[in-house]
Amino acid sequence: MKGSEYLADGPPSPAGPPAAPVAPFISRRGADLRYSSYDVLVVGGGIAGLTAALGAANRWNVGLITKSTLDQTTTFLAQGGIAAAMSPHDSPELHFKDTLEAGVGLCDEEAVRVLVEEGPARIRELEELGTRFDKRDGKLILGKEGAHSRARVVHAGGDATGSVVASALADVITSGGRVELHENEFVIDLLMDGGRCVGAASLGEEGELTVSLARAVVLACGGAGQVYSRTTNPLVATGDGHAMAYRAGAVMRDMEFMQFHPTAFYGAENPTLLLTEALRGEGAYLRDDAGERFMVGSHPRAELAPRDVVVRHMRRIFDRDATDHVWLDARHLEAAFLRKRFPTVYNGLAKRGFDLCTQLIPVAPASHYFIGGVLTDTWGRTTIPGLYACGETASTGIHGANRLASNSLLEGLVFGERTVRELNRYLAVADPAVRKVKLGLADEVREGNDPAAVAEGRALVGRTMTDLCGIVRDREGLDKARETLEALQASLAAPGLNVAELELFNLLSVAEHIVAAAILREESRGVHLRSDFPERDDGHWRCHILARRDPGSGRPALETGPVESREEA
Ligand SMILES: Cc1cc2nc3c(=O)[nH]c(=O)nc-3n(C[C@H](O)[C@H](O)[C@H](O)COP(=O)(O)OP(=O)(O)OC[C@H]3O[C@@H](n4cnc5c(N)ncnc54)[C@H](O)[C@@H]3O)c2cc1C
């Protein structure tokens, strides 16, 4: 037996209660290694992971691992709401058109159809589960957001949609006892057996390693906003799911596309406070230093133009006025309404010494949503048998080159549920035997790096990406970013088994992908703005960029792929 391979003591149980923790693996780490076994292992406790785990638990033995607690997710921070055609004045067809228009030619139309047609049913199920969406006279109150042609955003607790929805789902998970929940457990890597994903290795709070064998793994690890120094994303959003899928050999897609939200509070905190787009939907303005509403005349929808368009115009103002922020103005809206509809924003600003009702609020863009992800079809299947992905970790193709506001919570719901339907098919026939697994990163005891160097490394990744691969990019800056990242990588020893180091290596991996794809895409489209290629170029670039790990160099090998719907199974 080779050093990094261990023989498992037999197949994981196909169903029934979770196996009692035993230590059937022969390992150099011996007693340090714990063992679990599931039909389905879900990694991530945001909207996508909770949806997938709850659905799968109706039939299968499910484990859910999250590196923090269930209230430390991007989902929990979501403010504006969930987009779906719920009103008689709306239709899935209109939602479809708006999504495609915002996506600037790169949306996968089949995936968008699935999203808009199945979305309303998922919202109704959330209500049945106990989510209390905001209503008036028994009817859903629908918000309006950028690039939507109709008011179609359901919300809860005013601007506390994410925490209300996540709490409703988490309550069912924690009270039902159907899902084995492990919080504060960091998944390091996927376990592979002959090209098939058979589980994951994770690190517990006390430094113990657990090997979880599973007949299928669902990656729902959220995004990677922490790759940038200025972000609305929580500290957990370090692209772990992206990086571990890539290490396992999955195909990644559209990694150059990081969406920047135009209206994040202008301050130095990490994460920075978001000022939801719904504020502009309710009539708030954007003003420059001179008080001009610079979006009026710049786009027919003014402040409610698609996010990429608003960010581009903000950049124009920054260059023109030699500044780095503009102002959000809600002073003309009724104070009582603002406090009731936007309690999260109102209270968040109050803590920072600002009054939303009476003051101009300084805002600037911040990294917000990672469009790039693990390539999946509309059933959550990645290119690796046994490995599924949903939510922000996945690239379903619904966002194209620019995400339509409030489509991502919906994506987690719709594709989380479809992943369950596919798991039911797959697990009914899949071979339950898993006998030999390879432990990648988790294999050795290593010295690792000095904690100060790790913290400095993380800060350097953030600065480099913000300065050289942020909203506006050019070849010179991108080359410098690549060199800086490579030099940082070369200066580090292999990661030790601690979360900070493992996160840094994942951030580096995602940053390397973003830079490589941003160099390749020589045009400006959606959220990808190249000052040296300022025009959209459909002739050459109406395509996806796909990346896979080159087995020789270990680096991403890039190729282009057509924009089309994948065949349904
Ligand atoms: C401030 C803010 C406001 C937003 N508002 C909206 C909105 O109004 N509407 C909308 O549609 N979208 C909104 N978005 C985007 C949306 O919230 C996210 O895209 C969505 O919640 C992602 O859900 P998810 O389930 O994919 O991931 P998350 O909710 O981020 O959950 C990821 C989970 O994976 C776990 N995880 C990650 N890595 C590991 C690891 N190595 N090991 C174990 N566990 C791991 C995390 O601990 C977490 O539990 C907003 C985003 C932000 C930042």
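Coordinates for the structure precede this section.
Remember, predicted model here, so these are calculated numbers, not experimental data.

(A) Helix α6 (residues 240-247), seen in detail. For α6, the buried fraction is high: seven of the eight residues fall into the buried class. Buried residues of α6: D240, G241, H242, A243, M244, A245 and Y246, and no others. G249, located one to two residues past α6, shows a positive phi value of around 105°.

(B) Representation of the nonpolar core within the structure. Among the nonpolar cores identified, the biggest contains 53 residues, and L190, V227 and M465 are the most heavily contacted of them. Here this core gets ten residues from one element, more than from any other, and that element is helix α14 (residues 499-520). Beyond its immediate sequence surroundings of up to four residues, M465 is in contact with V227, Y228, G470, L485, A511, I514 and V515. Counting residues in each nonpolar core, the second largest holds 50 residues, with I47, A156, L410 and V420 among its members.

(C) Region of interest: empty space enclosed by the protein. Scanning the entire structure with this criterion turns up four cavities of 30 Å³ or more. By volume, the largest cavity amounts to about 80 Å³. Taken together, Q259, F260, D308, V311, R312, I471, G526, V527 and L529 make up the full set of residues lining the largest cavity. Per-element accounting of the lining of the largest cavity gives the leading share, three residues, to helix α8 (residues 307-321).

(D) Fine view of the site of the ligand. Not every one of the 38 residues close to the ligand is listed here, only the nearest: T75, G80, G81, E392 and S408. Here A220 contributes a backbone N or O atom positioned 3.4 Å from an oxygen atom of the ligand. D240 is positioned with one of its side-chain polar atoms (N or O) 2.9 Å from a nitrogen atom of the ligand. Its free accessible area being 1,000 Å², the ligand has 98% of it covered by the protein chains. Split by residue class, the shell around the ligand holds 14 nonpolar, 19 polar and five charged. Looking at which domains feed residues into the shell around the ligand, each of domain 1 (5-75 + 167-256 + 369-441) and domain 2 (78-159) supplies at least three.

Rules and cut-offs
Residues numbered from 1 in each chain as written. Predicted model: local features only at pLDDT ≥ 70, side-chain atom pairs only at ≥ 80, totals over all residues. Heavy atoms only, no water. Buried < 20%, exposed > 50% of the residue type's maximum accessible area, 1.4 Å probe, protein only. Helix = DSSP H or I, 4+ residues; strand = E, 2+ residues; numbered from the N terminus. Core = buried A, V, L, I, M, F, W, Y, C linked by side-chain atoms within 4.5 Å. Contact = heavy atoms within 4.5 Å. 1 Å grid on protein atoms, 1.4 Å probe; cavity = no way out; pocket = protein on both sides within 12 Å on 5 of 7 lines; lining within 4 Å. Points joined across faces, edges and corners; volume = space filled by probe spheres on them. Near = heavy atom within 4 Å. Polar contact = N/O pair within 3.5 Å; in protein donor to acceptor, adjacent residues only side chain to side chain. Areas by Shrake-Rupley, 256 points an atom, 1.4 Å probe, with all protein chains shown as cover. Nonpolar A, V, L, I, M, F, W, Y, C, P; charged D, E, K, R; others polar. Domains from an automatic or database assignment.

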